[in-house]
Amino acid sequence: MTPRAADRARYDRATAHLDAPVAIVDLEAFDANADDLVRRAAGKPIRVASKSVRCRALLERVLARPGFAGIMSFTLAESLWLARAGFEDVLLAYPSADRTAFAELTSDPKLAAAVTVMVDDPAQLDLVDAARERQDLEVRVCLELDTSLQLFGGRVRVGARRSPLRTPAQLADLARSVARRPGFRLVGLMAYEGHVAGVGDAVAGRPVRSRAIRLMQSAARKELAARRAEVVRAVRAVAPDLEFVNGGGTGSVQHTAAEAAVTEIAAGSGLYVPRLFDNYTSFSGRPAALFAQPVVRRPGVGVVTVLGGGYPASGAPGADRLPVPYLPEGLGYDGQEGAGEVQTPLLGSAADDLLIGDKVWFRHAKAGELCERFEELQLVEGDRVTATVPTYRGEGRTFL
């Protein structure tokens, strides 16, 4: 029996009493992935990206482990909810225009002490002040650095379009704006290199493309390391008490941790290891989060149909955004139908061994987005479900 076949047998036994669709997290794999992230971070604390987890119980579990500290959230409303739930260090990774949430943040000393907001434009400070409930509460502020690799005088750009702040002078100017402004305190700097951390460099069947990605990422790491160090020096000249410099992501943990200017690493997807994180030469993880759909039809030889399963991930549309049939091995989509809203035909020799009611296990393309489809996660240890925990959706929270 192959390791994957053994996993399938365990998951089927663990969930035999549950009807599909069902989502699980294999806690042994989850914990092993957490340990690997800590190993790669080489002593620097890991701030957990909540958008990649979207389950409070699992956020609590990983933050109880040595090597993890703090949360990186994705909306201000989520940040406040987590802070009220007892999480004491929440960094909002994206600027917000939520006036209601800013009013809440600036009316409660506990929330103001726990949540740090992201800023890359003075207009974002104006939004906070326009909604401010109390003038005496300081809002914690983090600045974001654009990490994109720009070549040929900026005519070629590689990386996400995030912050407009790129140079040490630009970051220092905004740092001075924050320092001069009553009611704000600059506490951090963030730089997320998604073109390194979130792009696999070993694309199956694409050796030329894989080599091009590795060359790009090597150049991007060198350029960013030098520029990030200069930016940190410039910002610390304005704010010498800067509490943290955050960088990285699951795919670049060990590289970012090696930079002296970086004090903490962000990571989250590496806990679940969705399919987009299969194609890396620098690390390998264990798939920990899966979902199962039931076989409801057997249309013919080598074909079964499962209920639903059309759960595409965000990003540029493409086949890599679809869930992948994982267990049993040897199943694939019908090219004319793909993953469907209410039914999904699957082709392959493994189909002939499946019966009506059997489960087919899938892996989602991106980590936390799976939790937007399920209200509960079944936590599996060995061949048993040992706990059932709500996702954000299961707690009635859909932040985006």
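Note: the structure precedes this text.
Residues numbered from 1 in each chain as written. Predicted model: local features only at pLDDT ≥ 70, side-chain atom pairs only at ≥ 80, totals over all residues. Heavy atoms only, no water.

## What about the environment of glutamate 28?
Mapped onto the elements, glutamate 28 comes out in helix H2 (residues 27-41). Apart from residues no more than four positions distant in its own chain, glutamate 28 is found in contact with Arg286 and Val380. (Helix = DSSP H or I, 4+ residues; strand = E, 2+ residues; numbered from the N terminus. Contact = heavy atoms within 4.5 Å.)

## Topic: helix H4 (residues 76-84)
Here H4 lies mainly inside the structure; 7 of its 9 residues are buried. Capping the start of H4 is the job of one residue whose side-chain oxygen sits 3.0 Å from the backbone nitrogen of glutamate 78: threonine 75. Directly beyond the C-terminal end of H4, a positive phi value near 115 degrees is found at glycine 86. (Buried < 20%, exposed > 50% of the residue type's maximum accessible area, 1.4 Å probe, protein only. Polar contact = N/O pair within 3.5 Å; in protein donor to acceptor, adjacent residues only side chain to side chain.)

## Brief notes about the pattern of salt bridges
Going through the model one piece at a time under the given rule, you end up with 33 salt bridges. The partner of glutamate 144 in a salt bridge is arginine 162, with the nearest N and O atoms 2.5 Å apart. Pair noted here: glutamate 144 is in strand S6 (residues 139-144) and arginine 162 is in the loop between strand S8 (156-158) and helix H8 (168-180), with a separation of 18 residues, a long-range link. By relative accessible area, arginine 162 is classed as partly exposed at 26%. One salt bridge in this structure joins aspartate 320 and arginine 321, with 3.6 Å as the shortest N-O distance. Accessibility expressed as a relative area gives 17% for arginine 321, which makes it buried. (Salt bridge = Lys/Arg side-chain N within 4 Å of Asp/Glu carboxyl O.)

## Describing the side chain of threonine 15
Inspection of the secondary structure assignment puts threonine 15 in the loop between helix H1 (3-14) and strand S1 (22-26). Look at threonine 15 and you get buried, because its relative accessible area is 0%. Residues in contact with threonine 15, not counting those within four places in the same chain, are Ile24, Lys359, Trp361 and Val385.

## Here's the deal with the packing of aromatic side chains
For the structure on display, the rule yields 13 aromatic pairs. Where tryptophan 81 meets phenylalanine 399, the ring centres are 5.6 Å apart and the plane angle is 50 degrees; that geometry is what we call tilted. Linking tryptophan 81 in helix H4 with phenylalanine 399 in the segment after strand S19 (384-390), this pair joins segments that are 318 residues apart in sequence. You'll find tryptophan 81 and phenylalanine 399 in the same group, each marked buried. Relative to phenylalanine 374, the ring of tyrosine 311 lies with its centre 6.1 Å away and its plane at 85 degrees, an arrangement referred to as edge-to-face. One end of the pair, tyrosine 311, is in the loop between strand S13 (303-307) and strand S14 (324-327); the other, phenylalanine 374, is in the loop between strand S17 (359-363) and strand S18 (376-381), with 63 residues separating them in the sequence. Considered together, tyrosine 311 and phenylalanine 374 belong to a single accessibility category, that of buried residues. One aromatic cluster is present, formed by Phe74, Trp81, Tyr392 and Phe399 through successive ring pairs. In this structure, arginine 54 packs its charged tip against the face of phenylalanine 74, placed 4.8 Å from the ring centre. The residue whose ring lies beneath arginine 363 is tyrosine 326, and the NZ or CZ to ring-centre distance is 5.2 Å. (Phe/Tyr/Trp six-rings, centres within 6.5 Å; stacked < 30°, edge-to-face > 60°. Lys NZ or Arg CZ within 6 Å of the ring centre and 35° of its normal.)

## Regarding H1
An ideal rise of 1.5 Å per residue puts 16 Å on 12 residues; H1 measures up with 16 Å between its terminal C-alpha atoms. All of the buried residues along H1 are Arg10, Tyr11 and Ala14. Here the buried residues of H1 occupy an arc of 95 degrees about the axis, which is enough to place them on one side. In this structure, the buried side of H1 is in contact with S1, strand S12 (289-300), S14, S17, S18 and S19. (Expected span 1.5 Å × (residues − 1). Arc of directions from axis to C-beta.)

## Some remarks on empty space enclosed by the protein
Regions of empty space are outlined by a rolling probe, equal in size to a water molecule, passed over the atoms. A complete count under the given rule lists 3 cavities of 30 Å³ or more for this structure. Considered as a void within the structure, the largest cavity measures approximately 50 Å³ in volume. (1 Å grid on protein atoms, 1.4 Å probe; cavity = no way out; pocket = protein on both sides within 12 Å on 5 of 7 lines; lining within 4 Å. Points joined across faces, edges and corners; volume = space filled by probe spheres on them.)

## Section: the pairing of S6
Along S6, 6 of the 6 residues are buried, which leaves the element largely enclosed by surrounding structure. The side-chain alternation of S6 yields two buried faces, one formed by Val139, Val141 and Leu143 and the other by Arg140, Cys142 and Glu144. Pairing of strand S5 (residues 115-119) with S6 involves 4 bridges; the strand directions are parallel. Within the sheet, the bridge partner assigned to threonine 116 lies in S6 and is arginine 140. (Pairing = 2+ DSSP bridges.)

## Remarks on the packing of H8 against helix H10 (residues 207-238)
Two elements in contact, H8 and H10, have axes separated by 8 Å at closest approach and are oriented at 25 degrees. Classified by the angle their axes make, H8 and H10 are roughly parallel. Crossing hand, H8 versus H10: right-handed. Only Glu230, Val231, Ala234, Val235 and Val238 of H10 make contact with H8, whose side of the interface consists of Pro168, Leu171, Ala172, Ala175, Arg176 and Ala179. The residue makeup of the contact of H8 with H10, split by class, is 9 nonpolar, no polar and 2 charged. (Axes fitted to C-alpha atoms, helices over the stretch in contact; angles between N-to-C directions. Parallel < 35°, antiparallel > 145°, perpendicular 65-115°, else oblique. Left-handed = near helix turned anticlockwise from the far one by under 90°. Nonpolar A, V, L, I, M, F, W, Y, C, P; charged D, E, K, R; others polar.)

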